[in-house]
Amino acid sequence: MSLYGILAVFGEPEALVEAAGGMRDRGYRHMDAFSPFPIKELDQILEIRGSRLPWIVLAGGIASAALAYALILYSVEIDYPINVGGRPLHSWPPFLVIAFEAGILGAAFAAFFGMLAANGLPCYHHPVFNAEGFGYARGGKFHLLVETADPKYRKGVTKGQLRRLGAESVEEIEA
Amino acid sequence: MADVSATSPPVLRGRHDFPEISGRIGSIVLSGRLPRHFWTAFFVCFLLVLVFLYSITYLIAVGVGAYGIDIPVAWGTMISNFVWWIGIGHAGTLISAVLLLLRQPWRASINRFAEAMTLFAVAMAGLFPILHLGRPWFFYWLLPLPNVHMHWPQWRSPLVWDFAAIATYATVSLLFWYLGLLPDLAVLRDRAQSRPVQLFYGILALGWRGSAFHWARYQTAYFLLAALATPLVVSVHSIVSLDFTFAITPGYHSTIFPPYFVAGALLSGFAMVLTIAIPLRWAFSVEDLITVRHMDNAAKLMIAAGMVVAYGYVSEAFFAWYSGKPYERTMMIERALGPYAQLFWVMLGLNCGVLQLLWFRSIRRTMPLLFAIALAINVGMWIERYIIVVTGPSRDYLPPAWGEQSLTGLDFGILFGSIGTFFALVFLFIRILPAITIFEIEELAEEKGKIR
């Protein structure tokens, strides 16, 4: 079995942030952190870039609204033009209502499924689940992962560095 | 409650640590040892579910005339139930989405069950227009589906907009709720003891592992959904009110309806939040997570929404007079003095009178009193919807055609049946899913320095 990386366990969110910063200063770049709730300070340390999700959501909303409006337009102008009380066939104010609702629906789908796709979820098998001490929610622990893919990675050295940065325990995890 | 300060009770009481928070909330679900009165209450609700099923079967077999509607009053309790339920749902979205955008920390412990409340209320609401159709099995004609008739929905009709709005609202509420549940499902997966339970929550959790990269995108998506839900919730109840205002019936045809309906929705919705939260926090001893502060703030929002509703009542009456039209004036006078007068005054007494008690801090912070007021407002708001639906058509343009809707046993069978079904769903939700958002409480505890 090949190694996937080294997982260090911390008892406090501050300790995790400090250790992640320390490992970054030592030149590590292929890291990930696991916490039971979002920790804002990690974004900068782990170089988490701003997501493109807002643009996907905007595109989903506009596409969905346009599609709904086009369907209505097709039905009233081409497929089944019928005079209702002398109103114009293309009576846009009422059509906008449905286009608005469709736009919200499309944007919501884009946000939900876009987030899942960007995060690679659902993902039922991931190396971190192989770790003894994972189950991040059980004891309110905070985890830092250094991947073997990191150019700075040296098994013994990395472990020692993590211990000196205050890890409660350090574990090798298999891929 | 002795340690609650007079000015502003805290959002979280006491000091906590992370295993304690996730353990306490998770164990309500995982240990499965719920108090005996929980199951007693569930049993009562289950009986009402049976009443509901019987009533619906009877209604479909006999037809809509079975529940007291007749020309001229062709809209009855099915429509008022619909508006009432959809309104109850709106407070859940307001708490979860609007308060998230406004960064109000007090939403964290009540947003989950408020969202669940939304979902179940919308599920109930969605049934009523379909039951009202007379031939409910043709409801899919409202959808633009290719079918053998080659027809299209009438896009200019508010009923079709309504269908689009409710369907969108139900879907977006479900997505928002599930997205919020995702990290908590992972907590339950990791805390579960038995294999089937691990599998159940594990599959639902989609392999969530709390990676910092995931959290960043997760929060973006969550905020975006909140930002989408906020205009949606306003549009949904506005569109519901357009069902009325597009008709020229006296008492329906009014421009005050959209804002008035949205305010009414918030009033009844917050009343329902309190109706559920007060017994919940007592029964599961989570008074330090759902604190008096939450109850107090919800009561304040009720007062705010209630004053807008009161303005709506005044505005309706004023414009009926100011329009100078005898039909509008007659309808208004008949509403106050005619066959529905008793209900009308009870409604005013509850929604405008009893509500004013909430101005007093001591009443807002006395849970049994607040619970009683919330129940009174729920009743008052149902009566309001009923009054709006039936008084207009019962006194329209031709006096010889005047007539009343009579409430029958079936009306109440379906109303109380739906209430029972709603609470049965809430009970099942409390049993199966964490009713308080674990990760947000932990984040809050961390931010407020309430960690041991």
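These figures come from a predicted structure and were not determined experimentally.

Along its length, chain B carries 15 helices and zero strands. The C-alpha atoms of chain B give 23 Å as radius of gyration, which agrees with the globular expectation for 452 residues (22 Å, within 12%). Projected onto its principal axes, the C-alpha coordinates of chain B cover approximately 75 × 60 × 40 Å. Out of the 452 residues in chain B, the part that is buried amounts to 50%. Across chain B, every contact between residues at least 6 apart in sequence was considered, and the portion connecting residues at least 24 apart equals 82%.

Attention shifts here to the overall build of chain A. Along chain A, the regular secondary structure elements total five helices and four strands. Ordered by position from the N terminus, the helices and strands of chain A form the series β-α-β-α-α-α-β-α-β. For chain A, the C-alpha radius of gyration of 25 Å lies well beyond 16 Å, the compact-globule estimate for 175 residues. Projected onto its principal axes, the C-alpha coordinates of chain A cover approximately 80 × 30 × 30 Å. Expressed as a percentage of its 175 residues, the buried residues of chain A come to 40%.

Right, let's get into the packing of helix α11 (residues 341–353) of chain B against helix α13 (residues 367–394) of chain B. Residues and elements named next belong to chain B. Here α11 crosses α13 at 140 degrees, and the two axes come no closer than 8 Å. By the angle between their directions, the pair α11 and α13 is classed as oblique. In the packing of α11 onto α13, the handedness of the crossing is left-handed. Where α11 abuts α13, its residues Leu343, Phe344, Val346, Met347, Leu350 and Asn351 lie against Ala376, Ile377, Val379, Gly380, Met381, Ile383, Glu384, Tyr386 and Ile387. Partitioned by chemical class, the residues of the contact of α11 with α13 number twelve nonpolar, two polar and one charged.

Another point: the domain arrangement of chain A. If you check the domain split of chain A, you get domain 1 (3–50 + 126–174) and domain 2 (53–119). Distance between the C-alpha centres of domain 1 of chain A and domain 2 of chain A: 45 Å.

A few words now on the pairing of strand β1 (residues 3–10) of chain A. Residue and element names in this part refer to chain A. Judged by how many residues are buried, β1 sits mostly within the fold: six of eight residues are covered. Sheet topology places β1 next to strand β3 (residues 142–147); six bridges connect them, and they run antiparallel. Bridge assignment links Leu7 to a residue of β3, and that residue is Leu145.

Attention shifts here to the sheet that holds strand β2 (residues 31–34) of chain A. All names here are of chain A. The four strands are arranged β2-β3-β1-β4 in an open sheet whose pairing can be described as antiparallel. Because the sheet does not close on itself, it has two edges, and the strands there are β2 and β4 (169–174). Between one strand and the next, the sheet's axes are offset by a mean angle of 25 degrees, whatever the strand orientation. Against the sheet, helix α5 (residues 155–164) engages β1, β3 and β4, with an angle of about 15 degrees to β1.

It is worth spelling out the nonpolar core at this point. Core analysis: the largest hydrophobic core is formed by 190 residues, its most contacted members being Ala20 and Ala111 of chain A together with Leu225 and Val273 of chain B. Of all the elements, helix α7 (residues 212–245) of chain B adds the most residues to this core, at 18 residues. Each of domain 1 (3–50 + 126–174) and domain 2 (53–119) of chain A contributes no fewer than three residues to this core.

Here the focus is the packing of helix α4 (residues 111–132) of chain B against helix α14 (residues 409–432) of chain B. Residue and element names in this part refer to chain B. The interhelical angle for the contact between α4 and α14, taken along N-to-C directions, is 145 degrees, at an axis separation of 10 Å. When the axes of α4 and α14 are compared, the crossing they make is right-handed. On α14, the residues that touch Ala116, Met117, Phe120, Ala121 and Met124 of α4 are Ser418, Thr421, Phe422, Leu425, Val426 and Phe429. Looking at the contact of α4 with α14 residue by residue, the classes come out as nine nonpolar, two polar and no charged.

Our focus in this paragraph is helix α10 (residues 326–337) of chain B. Residue and element names in this part refer to chain B. For α10, built from twelve residues, the straight-helix expectation of 16 Å at 1.5 Å per residue is met to within 8% by its first-to-last C-alpha distance of 16 Å. Along α10, the residues that are buried comprise Glu328, Met331, Met332 and Arg335. Buried residues in α10, looked at end-on, bunch into an arc of 95 degrees, giving them a common side. In α10, the exposed positions angled more than 90 degrees off the buried face are occupied by Pro326 and Leu337.

In this section: the environment of Ser22 of chain B. All names here are of chain B. Locating Ser22 in the fold gives a position in helix α1 (residues 18–30). Owing to 25 C-beta atoms within 10 Å, Ser22 belongs among the buried residues under this scheme. In this structure the C-alpha to C-alpha distance between Ser22 and Leu59, which are 37 residues apart in sequence, comes to 46 Å.

Turning our eyes to something else, we now look at unusual backbone geometry. The linkage connecting Leu121 of chain A with the following residue, Pro122 of chain A, adopts the cis geometry, with an omega of -5 degrees. Looking along the chain, the bond that leaves Ile71 of chain B and enters Pro72 of chain B is cis, with omega of 10 degrees. You can see Pro72 of chain B is positioned in the loop between α2 (36–62) and α3 (77–101). Of note, the phi angle at Leu206 of chain B is positive, near 60 degrees, even though the residue is not glycine. Mapped onto the elements of the fold, Leu206 of chain B is located in the loop between α6 (195–204) and α7. C-beta crowding within 10 Å serves as the criterion here: with 17 such atoms nearby, Leu206 of chain B is assigned to the partly exposed category.

The subject of this paragraph is the interface of chain B and chain A. Bring the parts together and some accessible area is lost; that lost area is often taken as the interface size. With 46 residues of chain B in contact, the opposing surface of chain A contributes 53 residues. Residue classes in the side of chain B that touches chain A are distributed as 27 nonpolar, ten polar and nine charged.

Residues that lie three or four places apart on an α-helix share one face, since the helix turns once every 3.6 residues. When the terminal C-alpha atoms of helix α4 (residues 92–119) of chain A are compared, their 39 Å separation across 28 residues agrees well with the 40 Å that a helix rising 1.5 Å per residue should span. At the exit of α4 of chain A stands Gly120 of chain A, carrying a positive phi of roughly 70 degrees.

Residue and element names in this part refer to chain B. Here Arg281 is to be found in helix α8 (residues 257–283). You can call Arg281 buried: it has 22 C-beta atoms within 10 Å. Among all residues touching Arg281, those that are not within four sequence positions of it are Val286, Glu287 and Ile290.

Before going further, it helps to spend a moment on the environment of Met332 of chain B. Structurally, Met332 of chain B is set in helix α10. Not counting chain neighbours up to four residues away, the residues in contact with Met332 of chain B comprise Ala317 and Ala320 of chain B.

This part takes up the confidence of the model for chain B. All names here are of chain B. Of all residues in chain B, 96% attain a pLDDT of 70 or more, and the chain-wide mean is 87. In the model of chain B, α1 stands out as the element of lowest mean pLDDT, 75, in contrast to α11, which has the highest, 94. Low pLDDT (under 50) marks residues 1–6, which in the prediction has three contacts with non-local residues, meaning those over four places away or in another chain. Scoring the predicted complex yields pTM 0.89 and, for the interface, ipTM 0.90.

About the cut-offs
Residues numbered from 1 in each chain as written. Chains lettered and ligands numbered in written order. Predicted model: local features only at pLDDT ≥ 70, side-chain atom pairs only at ≥ 80, totals over all residues. Helix = DSSP H or I, 4+ residues; strand = E, 2+ residues; numbered from the N terminus. Rg over C-alpha atoms; globule rule 2.2 N^0.38 Å. Buried ≥ 20, exposed ≤ 12 C-beta atoms within 10 Å, placed from the backbone. Contact = placed C-beta atoms within 7 Å. Axes fitted to C-alpha atoms, helices over the stretch in contact; angles between N-to-C directions. Parallel < 35°, antiparallel > 145°, perpendicular 65-115°, else oblique. Left-handed = near helix turned anticlockwise from the far one by under 90°. Nonpolar A, V, L, I, M, F, W, Y, C, P; charged D, E, K, R; others polar. Domains from an automatic or database assignment. Pairing = 2+ DSSP bridges. Core = buried A, V, L, I, M, F, W, Y, C linked by C-beta atoms within 7 Å. Expected span 1.5 Å × (residues − 1). Arc of directions from axis to C-beta. pLDDT = per-residue confidence, 0-100.

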